[in-house]
Structures are given as C-alpha cells and as structure tokens.
Amino acid sequence: MLQLMHQACFCLALTWYKMISVCLANGHPSITASIMAPSDLHIVKNDFGVILSWNSNITEEMETYSVKYVLMCKFDTAKEILERLQENKRIIRLGLHSGFYAKVKTQLLSKETEDVIKESNWTEFVYKAPPVYIQNLSCIIYNLFNFNCTWDIKTEAPEDAQYFLSYRYSGKEFQCQLYLINAKHKNIGCHMKEVYFNSSNPIRLNINVRVRSNSSENRSYYKRFTPRRLEKLNPPINVSLSLEDRSIKINWKPPPTIGSAEKNCFTYQVKITDLKPVDVSEEEYVHPVRDPEKQYIVQVRVKKIKCISNKIWSEWSEPIIINNNYKNNKMNTWQMLILVLFLSTIFTGGLLKFLCRRYKCIDTVVMPIPQPSERIRTWLELYSVQRKEYGLGPQPPDIPAIRDLSTPVKDFTQQKYISEIMLIPQEKNQHKRIN
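Just so it is clear, the structure is predicted and the values come from calculations on it, not from any experiment.

So, about the overall build of the protein. Looking only at helices and strands, the protein has six helices and 24 strands in total. In the protein, which comprises 435 residues, the proportion classed as buried is 31%. For the protein, the proportion of contacts with a sequence separation of at least 24, taken over those separated by at least 6, is 60%.

As structure tokens, this is what we get:
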C-alpha cells in the first residue's frame with residue numbers, strides 16, 4: 001500500500017512538472033503582456049517604388065522567441081496581399097495606381113515548432129501616391145522576339161511632360177528602341193525587336209515621366225509581369241487535311257513559344273466555313289462531311305490557358321479549302337466546253353472561207369448591179385414627161401417587174417403602154433414626135 005502511494009505521488013509530481021514546463025515554453029506572463037504593436041510607420045522613395053518600415057518595439061525577453069511580422073497590402077480595388085516577414089521593412093513596388101493601404105502586426109513564434117505563441121494588434125497605414133499621368137498600359141510579345149507597349153495620357157497630365165519606357169531583365173536595363181508618337185508629339189507607345197525573354201524570369205517595366213518645366217517632378221511608374229503571360233502565339237503550323245469515310249481529319253502542330261511547349265499547355269479553336277469555332281484540346285479534329293460536293297474552308301488558332309493563363313489568341317492560320325477538286329473539276333468542264341466551241345468556230349470559219357474562195361461565192365454575192373441600157377433610160381424619161389403634161393397621178397404604170405435588166409427593150413414595145421401613148425389627141429401632140 002505504501003509503495004502504491006509513493007508511485008501515485010511520483011506520477012502526480014511528474015504531471016505537474018510537465019504542465020509547468022509547457023506553460024513556461026508557451027510564454028511568460030510578463031513577456032506576453034509586453035508585446036506592443038509596431039509603430040512609427042514611414043515611407044522612403046526609391047527607384048522601384050517605396051520602402052515601408054516601422055519600429056518593431058521588441059524587448060530583450062522577446063528575443064528568446066522567433067519574431068516575425070505579418071504585412072497586409074491592398075492597392076485600390078485589387079485583392080489583399082498577405083505575407084510574413086522577418087525584417088521590419090518591405091519594398092513595395094508601385095504600379096499604375098494612386099497609393100495603397102497597409103497594416104502590420106508582430107508575432108512571437110516557437111523556435112522549435114514555429115507555432116504562434118503570441119501576436120500584437122494591427123498597426124494601419126495609408127499611403128497616397130502622387131498623381132498618375134498615364135493609364136491603360138498594355139504590352140504584348142509576338143513573333144517570339146518583338147515587344148510592344150502602349151499607354152494613354154490622362155487629361156490632367158502637364159502639357160510639357162514626356163514619357164519614356166525602359167525595362168529591366170536579368171539585371172540589365174533596356175531602353176525603348178522606337179517610340180509611337182501622337183499628334184502632340186507625345187510618346188504613347190514603344191516598339192522593340194530582337195528581344196529575347198526567358199519565361200521563368202519576370203520583367204520589371206518602368207515608364208519615366210519627365211516634366212521639362214519642373215525637373216524635380218520626374219516620376220516613374222512600375223509594372224512587373226511574366227513574359228509568357230503577355231505572349232501572343234503565332235498560328236498553328238503544319239495544318240493538313242485528309243479524307244476518311246465521309247469525314248475530314250484536320251491535323252496541326254503547336255507554334256514555337258518562349259514558354260513551355262508541353263502538349264497539354266495549348267488549347268485550340270477550329271473554324272470551318274461559317275460554323276461557330278470549336279474548342280479542341282488535341283492536335284487534331286474530325287469533321288463529318290454531309291455534302292460531299294460542298295466546299296469548306298478550315299482555319300485553326302491557338303493560345304495557352306493550362307500551363308499559364310493567357311487570354312490572347314493567335315491569328316487564324318492560312319485558310320485551307322476542302323473539296324476544292326470538285327470546284328476545279330466544274331471549272332475545268334466549262335473551260336473545256338468553251339475551248340471546244342472556240343476551236344469549232346475557228347475551224348468552221350476557215351472551211352467556209354476556203355469553199356468561198358474555191359467556188360467564188362463571194363464574187364457572186366458582191367457582183368455590182370449593171371446599169372440600165374440607153375433605150376430604157378430614154379423610155380423612162382419620156383413616160384415621166386407625158387404623165388406631167390396630162391396631169392396623171394404619181395402612180396407608176398402597171399408594168400411588170402423587171403427581173404433582168406439585161407432584157408432587150410424590144411420585149412416591151414408590144415405592150416399596151418405604147419398603144420396608150422398613141423391614143424393621145426393630136427392637138428395635144430402636134431409639136432411632138434413619137435418614135
């Protein structure tokens with residue numbers, strides 16, 4: 001019994017010892033009570049933005065623990081950025097915004113387990129940046145080695161301000177090669193070629209605003225981006241077609257890229273004639289052919305959305321015509337028919353010309369009409385004079401049609417017209433002689 005009592009006392013003492021050790025490890029009352037929130041937050045400008053620092057209010061007793069700081073920043077309407085720091089300062093890179101809101105607090109952590117033992121209250125800070133003179137900054141990388149940026153100038157910008165672009169990449173500074181200038185001779189864009197980017201290294205883009213009338217008012221706006229997020233891919237390459245069982249199989253390959261070229265990184269769209277583009281994740285697409293005689297036009301484009309989010313589609317590939325042979329065959333049929341008709345016309349014309357020359361058809365057709373003989377002309381003149389003298393109407397005598405002007409005049413002397421002339425009263429013709 002006594003031995004059992006000794007064992008129970010020993011276990012109870014051991015339990016109390018462990019509880020006291022845990023309490024001492026988790027923090028001393030005098031230490032936890034003395035944790036103060038950071039104070040004296042202030043801003044110092046530098047080339048990249050601003051340096052935000054504060055007084056940590058750390059005591060010697062706190063140094064037995066791991067001291068860290070939690071910083072939260074928010075730029076305009078953007079999402080909050082929360083991070084844990086080991087130092088009591090942070091470089092905040094300013095983009096195209098009017099300032100930021102920040103708050104910071106101190107934490108004591110166990111050095112062995114990194115568990116939070118105690119933390120202070122938040123200390124808040126608001127920084128209002130100087131006016132921003134540009135907006136709508138947009139950049140794009142295309143054809144692998146070309147880099148373009150454009151921006152708009154706000155109406156409140158100084159009249160004598162000029163804008164210059166540069167970017168820092170892999171520790172080097174690169175100035176703009178060619179500026180895009182508006183009607184007021186302000187730089188509103190930049191074009192650079194033969195630019196080589198590594199997709200894993202971010203780019204720091206700076207736009208420096210220099211005001212001529214006030215040299216002290218020079219401001220730099222910063223933007224940080226990853227090259228592959230701004231890449232506009234070229235259209236897919238090696239686009240080919242093949243006919244298989246009343247369907248058309250379309251194949252292609254992804255274009256070169258500055259980022260990852262893994263197969264699952266790319267997504268495609270296939271456009272056939274006037275149909276709605278179809279999203280395709282593979283490098284092929286099969287389209288059923290319902291009308292074998294219909295002509296289709298196929299184009300493909302590409303972008304990345306899986307390995308990295310990219311909203312920029314490539315241009316459409318060169319159009320490829322399906323069933324173009326049918327159209328060509330129809331055209332060839334009409335061309336052949338026109339050629340046959342043309343050759344037949346030439347042959348027929350040549351044959352007719354030969355026959356007409358051989359049998360003198362043309363000479364007969366174009367033979368001139370012979371002039372009437374002297375006797376016929378005399379008779380006609382005499383007849384006309386007699387009709388005028390006797391007041392006869394203008395109707396010509398009922399003479400038979402002369403089908404051959406070469407007919408001798410003697411054939412007409414036996415007709416009744418001569419007898420009619422002879423019946424004219426003599427008093428009307430006493431001075432006329434009729435032959």
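The subject of this paragraph is unusual backbone geometry. Its identity as a non-glycine residue notwithstanding, Asn57 has a phi of 55°, on the positive side. Mapping Asn57 onto the fold places it in the loop between strand S2 (49-55) and strand S3 (66-74). With phi around 50°, Asn143 is a residue other than glycine that occupies positive phi space. Examined against the element boundaries, Asn143 turns out to sit in the loop between strand S9 (134-142) and strand S10 (146-153).

Within the largest apolar cluster, 30 residues are counted, with the highest numbers of intra-cluster contacts made by Phe147, Trp151, Tyr163, Leu165, Tyr167, Phe197 and Leu205. Those residues within four positions of Trp151 in sequence are excluded, and the remaining contacts are Ile134, Gln135, Asn136, Leu137, Tyr163, Leu165, Tyr179, Asn187, Ile188, Gly189, Cys190 and Ile207. Val50, Tyr69, Ile92 and Leu108 belong to the second-largest nonpolar core, a separate cluster that totals 21 residues.

Turning our attention to the state of the cysteines. Across all of its chains, the model carries three disulfides by this definition. In this model Cys139 forms its disulfide with Cys149; the gap between the sulfur atoms is 2.0 Å. Residues Cys139 and Cys149 are joined through a disulfide that is right-handed, its torsion about the S-S bond being 110°. Of the two residues, Cys139 is situated in strand S9 and Cys149 in strand S10; the sequence distance between them amounts to 10 residues. For Cys149, a relative accessible area of 2% gives the class buried. Across a sulfur-sulfur distance of 2.0 Å, Cys176 and Cys190 are joined as a disulfide pair. Looking down the S-S bond of the Cys176 and Cys190 bridge, the torsion is 120°, so its handedness is right-handed. A residue pair is termed long-range when its members are at least 10 positions apart, and Cys176 in the loop between strand S12 (172-175) and strand S13 (178-181) and Cys190 in strand S14 (residues 187-192) qualify at 14 residues. For the pair shown, Cys176 and Cys190 are each scored as buried. In the protein, the bonded cysteines, taken in the order they occur along the sequence, pair up as 1-2, 3-4, 5-6.

What follows is about the sheet that holds strand S1 (residues 39-45). Here three strands make up an open sheet; going across it, the order is S1-S2-S5 and the pairing antiparallel. Every other strand in the sheet has two partners, leaving S1 and strand S5 (89-93) as the edge strands with one partner each. Strand after strand, the sheet turns through a mean of 20° between neighbouring axes, direction not considered. The sheet contact formed by S1 and S2 spans five bridges and is antiparallel. Looking at S2, one finds that Val44 is bridged to Ile51.

Let us now look at the side chain of Arg301. Following the sequence through the fold, Arg301 ends up in strand S23 (residues 296-304). Looking at Arg301, its side chain comes within polar contact range of the side chain of Gln269, at 2.7 Å. Residues in contact with Arg301, not counting those within four places in the same chain, are Pro236, Thr267, Tyr268, Gln269, Trp313, Ser314, Glu315 and Trp316.

So, on to the sheet that holds S12. Spatial strand order, S12-S11-S15-S16: four strands in an open sheet with antiparallel pairing. Looking at strand neighbours, the two that pair on one side only are S12 and strand S16 (219-225), the edges of this open sheet. Direction aside, neighbouring strands of the sheet carry axes that sit 25° apart on average. The pairing of strand S11 (residues 161-169) with strand S15 (residues 203-211) spans eight bridges and is classified as antiparallel. Directly across from Arg168, in S15, lies its bridge partner Arg204.

Let's shift gears to the pattern of salt bridges. A side chain of one charge can pair with a side chain of the opposite charge when the charged atoms of the two come close. Here the structure, examined in full by the defined rule, presents eight salt bridges. In this structure, the salt-bridge partner of Lys263 is Glu282, at a minimum N-O distance of 3.6 Å. Of this pair, Lys263 sits in the loop between strand S19 (247-253) and strand S20 (266-272) while Glu282 sits in the loop between strand S21 (278-280) and strand S22 (284-288), and the two are 19 residues apart along the sequence. Residue class for Glu282 comes out partly exposed when judged on its relative accessible area of 41%.

On to the pairing of S10, then. Inspection of the sheet shows S9 paired to S10 by seven bridges, in the antiparallel sense. Bridging from a neighbouring strand, Ile134 pairs with Ile153 of S10. What sits between the antiparallel neighbours S9 and S10 is a turn of three residues, in which Asn143 has the positive phi angle 50°. Of the pairings in the sheet, the one linking S10 to S14 comprises four bridges and is antiparallel in character. Each bridged residue has a counterpart across the sheet, and for Asn148 the counterpart in S14 is His191.

Right, let's get into the side chain of Glu231. Within the fold, Glu231 resides in strand S17 (residues 231-232). Here Glu231 is buried and forms no salt bridge, its nearest opposite-charge partner Lys304 lying at an N-O distance of 4.3 Å. At 3.1 Å, the side chain of Glu231 and the backbone nitrogen of Ile258 are in polar contact. For Glu231, the residues in contact, after removing those within four places along its chain, are Ile141, Leu144, Pro256, Thr257, Ile258, Gly259, Lys304, Asn310 and Ile312.

Time to look at the packing of aromatic side chains. If you walk through the whole model with that rule in mind, you get 11 aromatic pairs. With a centroid separation of 5.3 Å and an interplanar angle of 40°, the aromatic rings of Phe100 and Tyr127 are classed as tilted. One end of the pair, Phe100, is in strand S6 (residues 99-109); the other, Tyr127, is in strand S8 (residues 123-128), and 27 residues separate them in sequence. Here Phe100 matches Tyr127 in class, with each residue buried. Taking the centre distance of 5.5 Å and the plane angle of 80° together, the rings of Phe147 and Phe197 count as edge-to-face. With Phe147 in strand S10 and Phe197 in the loop between S14 and S15, the pair connects residues that are 50 residues apart, well separated along the chain. Phe197 shares its class with Phe147; the two are buried. Taken together, the aromatic side chains of Phe147, Tyr167, Phe174, Phe197 and Phe225 make up a single cluster linked through ring pairs. Taking NZ or CZ as reference, Lys103 lies 4.6 Å from the ring centre of Trp122, over its face. Sitting above the plane of the Trp313 ring, Arg301 keeps its charged end 4.7 Å from the centroid.

Basis of the calculations
Residues numbered from 1 in each chain as written. Predicted model: local features only at pLDDT ≥ 70, side-chain atom pairs only at ≥ 80, totals over all residues. Heavy atoms only, no water. Helix = DSSP H or I, 4+ residues; strand = E, 2+ residues; numbered from the N terminus. Buried < 20%, exposed > 50% of the residue type's maximum accessible area, 1.4 Å probe, protein only. Contact = heavy atoms within 4.5 Å. Core = buried A, V, L, I, M, F, W, Y, C linked by side-chain atoms within 4.5 Å. Disulfide = S-S within 2.5 Å. Pairing = 2+ DSSP bridges. Axes fitted to C-alpha atoms, helices over the stretch in contact; angles between N-to-C directions. Polar contact = N/O pair within 3.5 Å; in protein donor to acceptor, adjacent residues only side chain to side chain. Salt bridge = Lys/Arg side-chain N within 4 Å of Asp/Glu carboxyl O. Lys, Arg positive; Asp, Glu negative; His and termini not counted. Phe/Tyr/Trp six-rings, centres within 6.5 Å; stacked < 30°, edge-to-face > 60°. Lys NZ or Arg CZ within 6 Å of the ring centre and 35° of its normal.

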